[in-house]
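Chain by chain, the residues run as shown.
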Amino acid sequence: MRKALTLALILSVASPVLTPATAQELTPLPDSVSSTRDAGDDGRDGGQDSYGSADDLGSADRVAAQTGDDFYCRERRLGTWFYCDKPKAKPAEQRSAQPARSSAEQLAAISKQLEELKARAILEPTPENISHYIAFQREQLDRASSFADMWQRTVWQNPDLDYTLQRPVSQLGKRTWLDTRNADRERVLSQISQRYGVFYFYSSACAACETFGPIMRSVSDRFGLTVMAISLDGGPTRAFPNYTIDTGQYKAMGMRGQQVPALVLFDTVTKQPMPIGYGVMAADEVMNRIFTLTSVKPGSDF
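Rules behind the numbers
- Residues numbered from 1 in each chain as written.
- Predicted model: local features only at pLDDT ≥ 70, side-chain atom pairs only at ≥ 80, totals over all residues.
- Heavy atoms only, no water.
- Pairing = 2+ DSSP bridges.
- Helix = DSSP H or I, 4+ residues; strand = E, 2+ residues; numbered from the N terminus.
- Contact = heavy atoms within 4.5 Å.
- Axes fitted to C-alpha atoms, helices over the stretch in contact; angles between N-to-C directions.
- Phe/Tyr/Trp six-rings, centres within 6.5 Å; stacked < 30°, edge-to-face > 60°.
- Buried < 20%, exposed > 50% of the residue type's maximum accessible area, 1.4 Å probe, protein only.
- Right-handed = clockwise from strand over helix to strand, strands pointing away.
- Expected span 1.5 Å × (residues − 1).
- Arc of directions from axis to C-beta.

K.L.:
Go over the sheet that holds strand β1 (residues 196-202), please, and point to the residues and values.
P.N.:
Read across the open sheet, the five strands follow the order β3-β2-β1-β4-β5; overall the sheet is mixed. Both outer strands of the open sheet, β3 (244-245) and β5 (272-278), are each paired with one neighbouring strand and no more. As paired elements, β1 and strand β2 (residues 227-231) share five bridges and run parallel to each other. By the bridge assignment for β2, valine 198 is matched with valine 227. Contacts from helix α11 (residues 283-295) reach β1, β4 (262-267) and β5 within the one sheet, and its direction differs from that of β5 by about 150°.

K.L.:
Explain the packing of aromatic side chains to me, using residue names and the numbers behind them.
P.N.:
Within the structure shown, the criterion is met by eight aromatic pairs. Summarising the aromatic geometry, the rings of tyrosine 200 and phenylalanine 240 are spaced 5.6 Å apart at their centres and angled 55° between planes, so their arrangement reads as tilted. Taken together, the positions of tyrosine 200 in strand β1 and phenylalanine 240 in the loop between β2 and β3 put the pair 40 residues apart, joining distant regions of the chain. Each member of the pair, tyrosine 200 together with phenylalanine 240, is buried.

K.L.:
Go over the pairing of β2, please, and point to the residues and values.
P.N.:
Extensive coverage of β2 is indicated by the burial of four of its five residues. A crossover links β1 with its parallel partner β2, the connecting element being helix α9 (residues 207-223), and its sense is right-handed. Here β2 pairs with β3 via two bridges, running parallel. If you follow isoleucine 230 over to β3, its bridge partner there is threonine 244.

K.L.:
Before we move on, can you summarise the side chain of threonine 237 with the specific residues and values?
P.N.:
Positionally, threonine 237 belongs in the loop between β2 and β3. You can call threonine 237 buried: its relative accessible area is 8%. Once residues within four sequence positions are removed from consideration, threonine 237 is found in contact with Tyr202 and Tyr243.

K.L.:
Quick rundown of α11? Include the residues and the values.
P.N.:
Counted at 1.5 Å a residue, the expected span for α11 with its 13 residues is 18 Å, and the 18 Å between its end C-alpha atoms agrees. Turning to α11, its buried residues number three or more, namely Val286, Met287, Ile290 and Phe291. Taken down its axis, α11 places every buried residue within 130° of arc, on the same side. Check the buried side of α11 and you find it contacts α8 (171-189), α9, β4 and β5.

Following this line, the structure appears as structure tokens:
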């Protein structure tokens, strides 16, 4: 009798009875763990018990950690301190990438720094400031020299970029170019009278007109160019006895003011006047201007 009573006490201490309260405090297992235990041993490994493998238990713990405990997290709402509310991951700080500066901006920064070093050397002429300015200036001079050298080499190797082939700068090249240009000018002016004529505006009281009249007569005689002399004040001129008096031709030709002497080239085909220029000009200059206005494309000589 005593042995049976002692055994009953030992069992009651070792295996306490679960009351409704204590049963309620137990944390329910996640579905994944329960399904793992229900599945039991699949018969392939006799050493495993009915609760599944260690990998299954580890995955169940991770699920529990992610979903939180129903009693502590959902009912009591203990929050972050009991790992119920997962801390939100902070977005990675996006460092604003500095945009690369353009070449023009870099060049402007170099110029600005050079001016700053120069101003500092002038205002505070210490050996350190002056040496910094000279060193930086020498660096930029070297860069400019490299640019000029590479420019020259590139032009040499690309004839389409070499403008001196069109307008030589060497003494021999310029002489050859001028000889060719003069030959073209003589050819064009020899035929100029077939299409063009010249209005020569003058005044009898103008001393410059007395000088320029004979020059214009020589050009007319040389190329057979028709020249119509028009007097603004009604007076005559010895170079062109067959003159006329201005009755609005000066303004009609697009001339401005009353500046004389003045020349206008008139195209008999298009009926368009082309002012040649004002003031005293040499015969060679008059011929060059007529040749340029009639036969040279704008921009090709420069």
